[in-house]
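Residue-level listing of the chains:
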Amino acid sequence: MVLERPIIETHDDYSLWRDINAGFDEDKNFVVEMGYVNYDDRESGGKTIAVVDSKEAYHLAHRNGVKLVELPELIENKFGDSTGTALPSHVKEVFGRILDFISSSGIRYTLKDIR
């Protein structure tokens, strides 16, 4: 991702690790990505990715009074937690809150699961 910002992550000692990052993909779409790994079963890891196409991302930025390139920072400022101590369930909840924020701004996104 380009202009990637870390939003939140769990502590490394938890058996289920999650993190969220926001940035732009190679097609200039805005992306919010939640990665996860189950250290007890490493084959169960993957990512859930919310993709906002570039035109919708421009509208999201405009509606929130920021430049397009500032969207990752906006998400970090609204939802970020840099302590690295969040519970996996809290990270998943934050991902849902970010998606709610995007949709409540009248913006559509697509979800992709990558395993």
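First things first, this report covers the structure right here in the doc. (Residues numbered from 1 in each chain as written. Predicted model: local features only at pLDDT ≥ 70, side-chain atom pairs only at ≥ 80, totals over all residues. Heavy atoms only, no water.)

Observations concerning the nonpolar core
Thought 1: Ile20, Phe30, Val32 and Ile98 are the most contacted members of the largest nonpolar core, which has 26 residues in total.
Thought 2: At seven residues, the largest contribution of residues to this core is made by helix α3 (residues 88–104).
Thought 3: In this structure Val32 touches Ile20, Asn21, Ala22, Thr48, Ile49, Ala50, Phe95, Ile98 and Ile102, once residues within four positions along its chain are discounted. (Core = buried A, V, L, I, M, F, W, Y, C linked by side-chain atoms within 4.5 Å. Buried < 20%, exposed > 50% of the residue type's maximum accessible area, 1.4 Å probe, protein only. Helix = DSSP H or I, 4+ residues; strand = E, 2+ residues; numbered from the N terminus. Contact = heavy atoms within 4.5 Å.)

Quick word on the packing of helix α2 (residues 71–79) against α3
Thought 1: Here α2 crosses α3 at 125°, and the two axes come no closer than 11 Å. Between α2 and α3, the crossing angle belongs to the class labelled oblique. Helix-helix and strand crossings are classified by hand; for α2 and α3 the assignment is right-handed. Of the residues in α3, those touching α2 at Leu74, Ile75, Lys78 and Phe79 are Val94, Arg97, Ile98 and Phe101.
Thought 2: Looking at the contact of α2 with α3 residue by residue, the class counts come to six nonpolar, no polar and two charged. (Axes fitted to C-alpha atoms, helices over the stretch in contact; angles between N-to-C directions. Parallel < 35°, antiparallel > 145°, perpendicular 65-115°, else oblique. Left-handed = near helix turned anticlockwise from the far one by under 90°. Nonpolar A, V, L, I, M, F, W, Y, C, P; charged D, E, K, R; others polar.)

Structural notes on the pattern of salt bridges
Thought 1: Counted by the stated rule, this structure contains three salt bridges.
Thought 2: Ionic pairing is found between Glu76 and Arg5, a salt bridge with its closest N-O pair at 2.5 Å. Residue Glu76 is located in helix α2, and its partner Arg5 is located in strand β1 (residues 2–10); the two are separated by 71 residues in the primary sequence.
Thought 3: For Arg5, a relative accessible area of 29% gives the class partly exposed. (Salt bridge = Lys/Arg side-chain N within 4 Å of Asp/Glu carboxyl O.)

Structural notes on unusual backbone geometry
Comment: phi is negative for the bulk of residues other than glycine, and the bulk of peptide bonds are trans.
Thought 1: Here the phi dihedral of Leu3 falls at roughly 55°; this positive angle occurs in a residue that is not glycine.
Thought 2: Looking at the element boundaries, Leu3 is found in strand β1.
Thought 3: For Leu3, a relative accessible area of 44% translates into the label partly exposed.

Some remarks on the side chain of Glu33
Thought 1: Along the polypeptide, Glu33 turns up in strand β3 (residues 30–38).
Thought 2: Those residues in contact with Glu33, other than ones at most four positions away along the chain, are Met1, Asp19, Ile20, Asn21, Lys47, Thr48, Ile49 and Phe95.

Brief notes about the environment of Glu9
Thought 1: One can find Glu9 in strand β1.
Thought 2: For the pair Glu9 and Gly84, spaced 75 residues apart in sequence, the C-alpha to C-alpha distance is 5.2 Å.
Thought 3: Ignoring sequence-local partners within four residues, the contact set of Glu9 consists of Trp17, Arg18, Asp19, Asp81, Gly84, Thr85, Ala86 and Val91.

Things to note about a nonpolar patch on the surface
Thought 1: Residues Val2, Leu3 and Val69 make up a contiguous nonpolar surface patch of roughly 260 Å² in combined accessible area.
Thought 2: Tracing the backbone shows Val69 in the loop between α1 (54–63) and α2. (Patch = residues over 30% accessible without salt bridge, like charges linked within 9 Å, V, L, I, M, F, W, Y side chains within 5 Å. Areas by Shrake-Rupley, 256 points an atom, 1.4 Å probe, with all protein chains shown as cover.)

Remarks on α2
Owing to its 3.6 residues per turn, the α-helix brings residues three or four apart onto one side.
Thought 1: Listed as buried for α2 are Leu71, Pro72, Leu74, Ile75 and Phe79. Along the axis of α2, the buried positions cluster into a sector of 160°, meaning they face one direction only.
Thought 2: Residues of α2 that are buried in the fold lie against β1, β2 (16–24), β3, α1, β5 (81–86) and α3. (Arc of directions from axis to C-beta.)

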